Amino acid sequence: MNKPGLQITEHAELHGLNTLAVAARARYLIELDDPSGLADLLADPRFSGLPLLTVGEGSNILFTGDFDGLVLRLNHAQIELLDEQADHALIRAEAGASWDALVTWTLQQGWSGIENLALIPGRCGAAPIQNIGAYGVELSDVLSTVEVYDRVERACRELAAADCGLGYRDSMFKRQPKRFVVLAIQLRLQRAARLRTDYAGLREELAAMQIDQPGASDVAEAVRRLRRRKLPQPDVLPNAGSFFKNPIVDADLAQSLRARYPAMPQWPTADLHCKLSAGWMIEQLGFKGRRVGDAGIAPGHALVLVNHGNASGSALLALAREVQDAVYTRFGVRVEPEPQII
Ligand SMILES: Cc1cc2nc3c(=O)[nH]c(=O)nc-3n(C[C@H](O)[C@H](O)[C@H](O)COP(=O)(O)OP(=O)(O)OC[C@H]3O[C@@H](n4cnc5c(N)ncnc54)[C@H](O)[C@@H]3O)c2cc1C
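Residues numbered from 1 in each chain as written. Predicted model: local features only at pLDDT ≥ 70, side-chain atom pairs only at ≥ 80, totals over all residues. Heavy atoms only, no water.

Draft legend 1. Structural detail: the sheet that holds strand S10 (residues 143–150). Ordered by their spatial adjacency, five strands build an open sheet running S6-S7-S12-S10-S11, and the pairing between neighbours is antiparallel. Strand pairing shows two members of the sheet lacking a second neighbour, strand S6 (79–84) and strand S11 (155–160), which therefore form its edges. Adjacent strand axes in the sheet meet at a mean angle of 20° when their direction is disregarded. With five bridges joining them, S6 and strand S7 (residues 88–94) adopt antiparallel strand pairing. (Pairing = 2+ DSSP bridges. Helix = DSSP H or I, 4+ residues; strand = E, 2+ residues; numbered from the N terminus. Axes fitted to C-alpha atoms, helices over the stretch in contact; angles between N-to-C directions.)

Written out as structure tokens, the structure is:
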């Protein structure tokens, strides 16, 4: 079944393909180096009737059981400069490229705009799916185009970022997971972008590094230091980063919650809603460090679900549901999971 650049495994083990290290199998796993063969592959009668799940590093997926379908992994990973002007550049990264390698490469070339997104795990193909964001910056701030294979049109297309429905940890790709396979992304970066150092902890970290006139690489280094300190590393304690999104509620609910819980962190959004801290609410309920068998909440971070050893995906999901129900009962707010639950 295999030839150079194409590897097909039947009944493939997915344990090493998700950072929660959950045991699961796929009917087929296909690893493809050259995406020009994708349309033919998906039309192959062995695969055409099967559900499709495209994955990168599995750092935002929870498998709750075996996947009776086709898991596709695109490995083409070139990063290139498409256009360079004095003050900005257009950079293209293929789906299989590591996101953090892209951050490092752009900084080495002197381009800024994604330094705050340093060390986010995963591949470039997944970056637009939930519009990755951290430390006050989102992919949508710099995304120009997404190159996709559209399974409805059965054609490759280039979508302008404005047409991708990007929002907070959201996109139309996330809402229509079966339709698009992301082949590459194009980013518009600046020679001297305005640095975002106003996010909690970042300025303090730069001060601790004794840097008062930071460049983009300094900001990336500060973000890396913060992330290494604050988040459990998946190879040490398997996790998928923040498991819950910060809920966005209307201003009235936010106000009544503030009256009841004056210490509750709230951030007004541009459309007169309010973003609440899921982590704060979960911590108030005493979940931090909670463990049910091998499924747990990280001791240092209430938003992070962890696998202490052999937790099953369904055990992790049961714990997540318990957290959701408890938050709803106490605060009247629904916290939604961030990873894709399979
Ligand atoms: C320790 C840790 C910290 C994290 N911190 C952050 C953070 O700060 N900010 C943040 O936004 N996220 C964060 N994440 C989540 C995760 O890193 C990102 O969502 C990342 O983009 C996922 O990349 P991946 O390659 O692992 O994708 P996967 O987990 O493999 O897939 C994620 C989703 O994208 C889809 N997908 C993947 N590749 C493609 C493709 N080529 N075409 C179509 N669909 C595709 C999958 O089907 C799935 O729905 C963190 C995760 C961990 C483990």
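From this point, things continue past the structure.
Draft legend 2. Region of interest: the packing of aromatic side chains. Summed over all chains, the structure comprises seven aromatic pairs. Note on Tyr135 and Tyr199: the rings are 5.5 Å apart at their centroids and 70° apart in plane angle, and the pair reads as edge-to-face. Taken together, the residues Tyr135 in the loop between strand S8 (133–134) and strand S9 (137–138) and Tyr199 in the loop between strand S12 (180–190) and helix H4 (202–208) connect sequence positions 64 residues apart. Residue Tyr135 is classed as buried on the basis of its relative accessible area, which comes to 11%. The class for Tyr199 is partly exposed, based on a relative accessible area of 41%. Between Phe173 and Phe180, the aromatic rings sit 5.5 Å apart at their centres with planes inclined by 90°, giving edge-to-face as the arrangement. Looking at Phe180, the relative accessible area reads 9%, which means it is buried. Here the aromatic residues Tyr261, Trp280 and Phe331 are joined through ring pairs into a cluster of three or more. Across from the ring centre of Trp111, 3.6 Å away, lies the NZ or CZ of Arg191, which sits over that ring. In this structure, Arg334 is placed above the aromatic ring of Tyr328, and the distance from its NZ or CZ to the ring centre is 4.9 Å. (Phe/Tyr/Trp six-rings, centres within 6.5 Å; stacked < 30°, edge-to-face > 60°. Buried < 20%, exposed > 50% of the residue type's maximum accessible area, 1.4 Å probe, protein only. Lys NZ or Arg CZ within 6 Å of the ring centre and 35° of its normal.)

Draft legend 3. Region of interest: the state of the cysteines. In total, this model carries zero disulfides according to the counting rule given. Unpaired in terms of disulfides, Cys164 finds its nearest cysteine sulfur in Cys156, a separation of 15 Å. Using a relative accessible area of 0% as the deciding quantity, one classes Cys164 as buried. (Disulfide = S-S within 2.5 Å.)

Draft legend 4. Spatial organisation of helix H2 (residues 99–108). Buried within H2 we find Trp99, Asp100, Leu102, Val103, Thr106 and Leu107. Seen from one end, H2 has its buried residues packed into an arc of 155°, which puts them on one side. Buried positions along H2 lie against S6, S7, S12 and helix H5 (216–230). Where H2 begins, one side-chain oxygen reaches toward the backbone nitrogen of Asp100, 3.3 Å away; that side chain belongs to Ser98. (Arc of directions from axis to C-beta. Contact = heavy atoms within 4.5 Å. Polar contact = N/O pair within 3.5 Å; in protein donor to acceptor, adjacent residues only side chain to side chain.)

Draft legend 5. The arrangement of the site of the ligand in detail. Around the ligand, the structure places 33 residues, and the nearest of them are Thr54, Ser59, Asn60, Arg227 and Gln340. In the environment of the ligand, an oxygen atom lies 2.9 Å from a nitrogen or oxygen atom belonging to the backbone of Pro121. Between the ligand and the protein, one listed contact pairs an oxygen atom with a side-chain N or O atom of Gln130 at 3.0 Å. The fraction of the free accessible surface of the ligand (970 Å²) that becomes covered by protein chains is 93%. (Near = heavy atom within 4 Å. Areas by Shrake-Rupley, 256 points an atom, 1.4 Å probe, with all protein chains shown as cover.)

Draft legend 6. Layout of the environment of Leu117. Looking at where Leu117 falls in the secondary structure, it is placed in the loop between H2 and S8. You can call Leu117 buried: its relative accessible area is 0%. Separated by 19 residues in the primary sequence, Leu117 and Gly136 place their C-alpha atoms 9.1 Å from one another. Look past the residues within four positions of Leu117 in its chain and what remains in contact with it is Trp99, Val103, Ile132, Gly133, Ala134, Val137, Glu138 and Leu139.

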